[in-house]
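Listed below, chain by chain, are the residues.
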Amino acid sequence: MTTTHTLKALSKALLLATGCLTASTVFADQKTPEQLYPPLTSEVLPELTAKGSYSVGVQTLDLINPAQFDPATQGEKDRPLKVEVWYPAANSANAPLTSYSDITRTGKAFTLQADAMRDVAINNKEHYPVIVLSHGYTGYRTIMYYLGEHLASHGYIVAAIDHTDSTNADVDFKNAPFSGFFSTLINRSRDQQFVLNYFNEQSNFASKQVDNKKAGIIGYSMGGFGAVNTVGGCYDFNEKTTAMFTGMKDPAQIKQVQQLLNSCAGGQYKNPQVDTRIKAMVAFAPWGGQHNLFNASAMQNIKVPSLYIAGSLDDISGYEGIKNLYNQTGSTDKYLLTYKNARHNIAPHPAPAIAKRSSELDIGHYYEPSWSMRTLNETNKHFVLAMMDCHVKGITSQCEYLDLPQNGDQAVVNGKPLPAWHGFDNRFSTGMDWQQAKPRTK
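Residues numbered from 1 in each chain as written. Predicted model: local features only at pLDDT ≥ 70, side-chain atom pairs only at ≥ 80, totals over all residues. Heavy atoms only, no water.

Trainee: Summarise the nonpolar core; cite the residues concerned and give the values.
Mentor: Core analysis: the largest hydrophobic core is formed by 124 residues, its most contacted members being Trp86, Phe284, Tyr308 and Met388. Apart from residues no more than four positions distant in its own chain, Phe284 is found in contact with Leu147, Ile218, Gly219, Tyr220, Ser221, Ile309, Ile346, Ala347, Asn380 and Val384. (Core = buried A, V, L, I, M, F, W, Y, C linked by side-chain atoms within 4.5 Å. Buried < 20%, exposed > 50% of the residue type's maximum accessible area, 1.4 Å probe, protein only. Contact = heavy atoms within 4.5 Å.)

Trainee: I'd like to hear about the pattern of salt bridges, residue by residue, with values.
Mentor: By the definition in use, this model includes 18 salt bridges. With its nearest N and O atoms 3.1 Å apart, the salt bridge here joins Arg277 to Glu201. Here Arg277, found in the loop between α6 (251–261) and β8 (278–284), pairs with Glu201, found in helix α3 (residues 181–201); they are 76 residues apart in sequence, far enough to count as distant. Residue classification places Glu201 among the exposed residues on the basis of a relative accessible area of 54%. Measuring nitrogen to oxygen at the nearest pair gives 2.6 Å for the salt bridge that ties Arg277 to Asp275. An identical accessibility class is assigned to Arg277 and Asp275; each is buried. (Salt bridge = Lys/Arg side-chain N within 4 Å of Asp/Glu carboxyl O. Helix = DSSP H or I, 4+ residues; strand = E, 2+ residues; numbered from the N terminus.)

Trainee: Tell me about the confidence of the model for the protein, and name the residues and values.
Mentor: Mean pLDDT over the protein: 92, with 93% of residues reaching 70 or higher. Residue range residues 1–29 is modelled with pLDDT below 50. Its contacts to residues more than four positions away, or to other chains, number 72 contacts. (pLDDT = per-residue confidence, 0-100.)

Trainee: Account for the packing of aromatic side chains, naming residues and giving values.
Mentor: Throughout the structure, instances matching the rule amount to 26 aromatic pairs. Aromatic side chains Tyr137 and Phe181 sit 5.2 Å apart centroid to centroid with 80° between the ring planes, which places their arrangement in the edge-to-face category. With Tyr137 in the loop between β5 (128–134) and α2 (145–153) and Phe181 in helix α3, this pair connects stretches of sequence that are 44 residues apart. For Tyr137, a relative accessible area of 0% gives the class buried. For Phe181, a relative accessible area of 1% puts it in the buried group. When the centroid spacing of 5.9 Å and the interplanar angle of 35° are considered together, the rings of Phe383 and Phe424 count as tilted. Of this pair, Phe383 sits in helix α11 (residues 373–391) while Phe424 is found in the loop between β12 (416–417) and β13 (432–436), placing the two residues 41 residues apart along the sequence. Across the pair, Phe424 and Phe383 agree in class, each one buried. (Phe/Tyr/Trp six-rings, centres within 6.5 Å; stacked < 30°, edge-to-face > 60°.)

Trainee: Mind laying out the layout of surface pockets, listing which residues take part and the relevant values?
Mentor: In this model, the largest pocket occupies a volume close to 500 Å³. Residue lining of the largest pocket: 24 residues in total, with Tyr37, Thr49, Asp115, Glu378 and Lys381 positioned closest to the centre. Elements represented by at least two residues in the lining of the largest pocket include exactly β4 (109–118), α2 and α11. Examining the composition of the lining of the largest pocket, we find that five residues originate from one element, α2, more than from any other. The class makeup of the residues in the lining of the largest pocket is 11 nonpolar, six polar and seven charged. (1 Å grid on protein atoms, 1.4 Å probe; cavity = no way out; pocket = protein on both sides within 12 Å on 5 of 7 lines; lining within 4 Å. Points joined across faces, edges and corners; volume = space filled by probe spheres on them. Nonpolar A, V, L, I, M, F, W, Y, C, P; charged D, E, K, R; others polar.)

Trainee: Quick rundown of the environment of Trp86? Include the residues and the values.
Mentor: Turning to its location among the elements, Trp86 is positioned in strand β2 (residues 75–88). Spatially, the C-alpha atom of Trp86 lies 24 Å from that of Pro286, the residues being 200 residues apart in sequence. At a separation of 2.7 Å, a polar atom in the side chain of Trp86 contacts the side chain of Tyr100. (Polar contact = N/O pair within 3.5 Å; in protein donor to acceptor, adjacent residues only side chain to side chain.)

Trainee: Break down the state of the cysteines for me, citing the residues and quoting the values.
Mentor: Throughout the structure, instances matching the rule amount to two disulfides. Disulfide pairing is shown between Cys234 and Cys264; the S-S distance is 2.2 Å. Sign of the S-S torsion, about -70° for the bond between Cys234 and Cys264, identifies this disulfide as left-handed. Here Cys264 lies in the loop between α6 and β8 and Cys234 lies in the loop between α4 (222–230) and α5 (239–246), a separation of 30 residues in the sequence. Note on Cys234: relative accessible area 17%, which makes it buried. Paired by a disulfide, Cys390 and Cys399 hold their sulfur atoms 2.0 Å apart. Taking the sign of the torsion about the S-S bond as the criterion, the disulfide between Cys390 and Cys399, at about 95°, is right-handed. Residue Cys399 is classed as partly exposed on the basis of its relative accessible area, which comes to 26%. The connectivity of the disulfide-linked cysteines in the protein, indexed sequentially, is 1-2, 3-4. (Disulfide = S-S within 2.5 Å.)

Trainee: Could you give an account of a nonpolar patch on the surface, with specific residues and numbers?
Mentor: A contiguous nonpolar surface patch, about 220 Å² in accessible area, is contributed by Leu40, Val44 and Phe428. The topology assignment puts Phe428 in the loop between β12 and β13. (Patch = residues over 30% accessible without salt bridge, like charges linked within 9 Å, V, L, I, M, F, W, Y side chains within 5 Å. Areas by Shrake-Rupley, 256 points an atom, 1.4 Å probe, with all protein chains shown as cover.)

Trainee: So, α5: which residues are in play, and what are the values?
Mentor: The periodicity of an α-helix, 3.6 residues per turn, causes residues three or four positions apart to be oriented the same way. Turning to α5, its buried residues are Thr241, Thr242, Ala243, Met244 and Phe245. A distance of 3.1 Å separates the backbone nitrogen of Lys240 from a side-chain oxygen at the start of α5, and that oxygen is part of Asn238. Positive backbone phi, approximately 80°, marks Gly247, located one or two places after α5.

Trainee: Give me the pairing of β4: which residues, what numbers.
Mentor: Within β4, eight of the 10 residues are buried, leaving the element largely enclosed by the surrounding structure. Looking at chain direction, strand β1 (residues 56–70) and β4 are connected through two bridges and run parallel. Pairing of Gly57 across the sheet is with Met117, part of β4. Note: strand β3 (residues 97–103) against β4, six bridges, orientation antiparallel. Note that in β4 the partner of Tyr100 across the bridge is Leu112. (Pairing = 2+ DSSP bridges.)

Trainee: Tell me about unusual backbone geometry, residues and numbers included.
Mentor: Trans is the prevailing form of peptide bonds, just as negative phi is the prevailing case for residues other than glycine. Cis geometry marks the peptide bond from Tyr137 to Thr138, where omega comes out at -10°. In this structure, Thr138 sits in the loop between β5 and α2. Non-glycine residue Ala265 carries a positive phi angle of around 50°. As for its position among the elements, Ala265 is in the loop between α6 and β8. For Ala265, a relative accessible area of 2% translates into the label buried.

This is the structure in structure tokens:
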């Protein structure tokens, strides 16, 4: 397949799953915030979806990563990053719940009801690990806000990044769909590591409460592409894939860019060292495995406990490519959760009303034809919390939620259905498969 044809194919795929139009068409229609998560009885939900003991605070920070390579100018430029931070709120915090505003792919504004209080004090009774949350291409920092709020209620500081050049507001996907892709390839892992360093090493509103020995990382799609790299899965672009995903044709330039792309662990090149604070990684539908963009030897050397979550019909990142990443990952604590018959949109929050009334370009960012987004979100909350509690906080009892038989469908054997997965009520663990590196303990 030629580079031109490949770019056209990728453009079509991204339009279906992750694209957007420029923010210049934003509608100024601000309404009462939508509630995407109305009450639902816990009897049908996995155990770890229950809200934690902390009320949740949220702040928006504007950070600057100085002197970063800028693909547009081919020189160095300060890189701005807007970050949404959820955290355990002080016991005395008593403020109205806030909201989150963003735009759809076609620039339509929406506002969502939050379960967090804006700019309240952090709870100073404990120290909390930092979890970095990274969206796809394109997206926005609150596209997985349900995870940010949930983890914060259980004693984590969650920092979700607006990846510059890669958000709904940055990319005119109709006229220039690849305008931010080169930047995304270079910066995704770098952004993740920078934000983790910021909270652990620089003075900030939460710095006194950060547990600077434990951290985690969560990425979706291109965020997963970055997360795998951040934990040691070094990039391995060749000349063909470099040309394919940058559109470059000059052999000398391709060679230079190839060397630039093949970084590791947050932008390192020689003898890369993975941040020892990172104790767990979760990758939703990570991109890149289908194109062999990760070095196989480096993947085998990954030691960080890793959870891959995928749809069996993912047509953007490719299910086989995701399975290959899982199989190549060297960690003895690794897991693969598969949503059967799901495609790529397994991580975003449910569609806002404006997207439902619009075109496929808008609704297609959130919609799964075979799954309820609410079900996906609640299940994600369960397994992500289990992963972080088990491997970041070291709560041994939480590891039991990660020790499961392969199939959750409760097949009938000798006239009786098999037990549901640990943490799921009878009849509600269906539609999923589970793989793990270690044999089951029971």
